[in-house]
Amino acid sequence: MDCPYCGAEMSSLGVNQLQLGRASVLGGIWGNIAAGSLETEVFLCRSCGKLEFFAVRPMEFEEPDRVQVPCPKCGEPHDFDDAKCPFCGERLL
Ligand SMILES: [Zn+2]
Ligand SMILES: [Zn+2]
C-alpha cells in the first residue's frame, strides 16, 4: 500500500496482538473498543515514519467482562447485567 501522507510505499511490520485496554495512543475507532485484544497488521512508511494499523479480525476481539448467566425463567444464556431477558422478557434486576 502507499503512504496516505507522502505517497511512498509502506512496508508491513507483521501482525501484532494489540492489548486494547492499554493502547491509549490510538484514538478514533479503537477508543470505542473498551477491552480485549485485537490482531492488527502494522505498516510503516520508511519515508515519513507514518504508522498505520489495520485490524486483521476486527469482529473477533474478546470481551472478558461479558459474563453470561442463564435466565431463571426460560433458561437461555444472556449477559449478566441485562435488565430483562432478551429472549422471554423476564425482568432480571
Ligand atoms: Zn509517508
Ligand atoms: Zn428468559
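Going by the structure above, here's the rest.
Residue numbers restart at each chain and count upward from 1, following the sequence in its written direction. For this description, chains carry letters from A and ligands carry numbers from 1, given in the order in which they are written. Residues qualify for local features only when their pLDDT is at least 70, as the model is predicted, and side-chain atom pairs are given and counted only at 80 or more; totals for whole chains, interfaces and linings, by contrast, use all residues. Excluded from the side-chain calculation are hydrogens and water; included are all heavy atoms of the structure.

Details of the overall build of the protein chain
Next up, step 1: Per the convention used, a helix needs a DSSP run of H or I reaching at least four residues, while a strand needs a run of E reaching at least two, with both numbered from the N terminus. In terms of regular secondary structure, the protein chain is built from zero helices and five strands.
Next up, step 2: Going from the N terminus to the C terminus, the protein chain shows its helices and strands as β-β-β-β-β.
Next up, step 3: With 93 residues in all, the protein chain has 23% of them scored as buried.
Next up, step 4: Calculation of accessible area relied on Shrake-Rupley with a 1.4 Å probe; when residues are assessed, cover is drawn exclusively from the protein chains displayed. Only carbon and sulfur atoms are counted for the fraction: they give 52% of the accessible area of the protein chain, which is about 6,500 Å². We call a residue buried when its accessible area falls under 20% of the maximum for its residue type, exposed when it is over 50%, and partly exposed in between, using a 1.4 Å probe and counting protein chains only.

Topic: the pattern of salt bridges
Next up, step 1: One speaks of a salt bridge when a side-chain nitrogen belonging to Lys or Arg is within 4 Å of a carboxyl oxygen belonging to Asp or Glu. Scanning the model with the defined rule gives one salt bridge in all.
Next up, step 2: One salt bridge connects E90 with K73, and the closest N-O pair in it is separated by 3.8 Å. Here the residue E90 occupies a position in the segment after β5 (77-79), and K73 occupies one in the loop between β4 (68-70) and β5, the gap between them amounting to 17 residues.
Next up, step 3: In this structure K73 comes out as exposed when scored by relative accessible area, which is 59%.

Here we look at the coordination of the zinc ion (ligand 2)
Next up, step 1: Protein coordination of the zinc ion (ligand 2) is provided by C71 (SG), C74 (SG), C85 (SG) and C88 (SG), with donor distances spanning 2.3 Å.
Next up, step 2: Nitrogen, oxygen and sulfur within 2.8 Å of a metal are treated as its donors, or within 3.2 Å for sodium, potassium and calcium (Na, K, Ca); water is not counted, so a site can appear incomplete. Just to be clear on the cut-offs, tetrahedral is four donors with all angles between 85 and 135 degrees, square planar is four donors and octahedral six with opposite donors over 155 degrees apart and all others between 65 and 115, and anything else goes down as irregular. Note that the zinc ion (ligand 2) binds four donor atoms; their angles at the metal cover 107 to 114°, and the shape is tetrahedral.
Next up, step 3: One chain supplies every donor for the zinc ion (ligand 2), spaced along it as C-x2-C-x10-C-x2-C. Taken together, the positions of C71 in the loop between β4 and β5 and C85 in the segment after β5 put the pair 14 residues apart, joining distant regions of the chain. C85 carries the same exposure label as C71, and that label is buried.

Some points on the coordination of the zinc ion (ligand 1)
Next up, step 1: Taken together, C3 (SG), C6 (SG), C45 (SG) and C48 (SG) make up the protein donors of the zinc ion (ligand 1), found 2.2 to 2.3 Å from the metal.
Next up, step 2: If you look at the zinc ion (ligand 1), its four donor atoms make angles of 101 to 120° with each other, and the shape they trace is tetrahedral.
Next up, step 3: Positions of the donor residues of the zinc ion (ligand 1) along the chain correspond to the pattern C-x2-C-x38-C-x2-C.
Next up, step 4: Given a relative accessible area of 4%, C3 falls into the buried group.
Next up, step 5: Judged by relative accessible area, which is 38%, C6 ranks as partly exposed.

Quick look at the environment of F87
Next up, step 1: With respect to the secondary-structure elements, F87 resides in the segment after β5.
Next up, step 2: Remark: the alpha-carbon pair of F87 and P77, spanning ten residues in sequence, is separated by 9.0 Å.
Next up, step 3: Once residues lying within four places of it in the same chain are set aside, the contact partners of F87 are C74, E76, P77 and H78. Should any heavy atoms of two residues lie within 4.5 Å, those residues are considered in contact.

So yeah, pure geometry; function would need other evidence.
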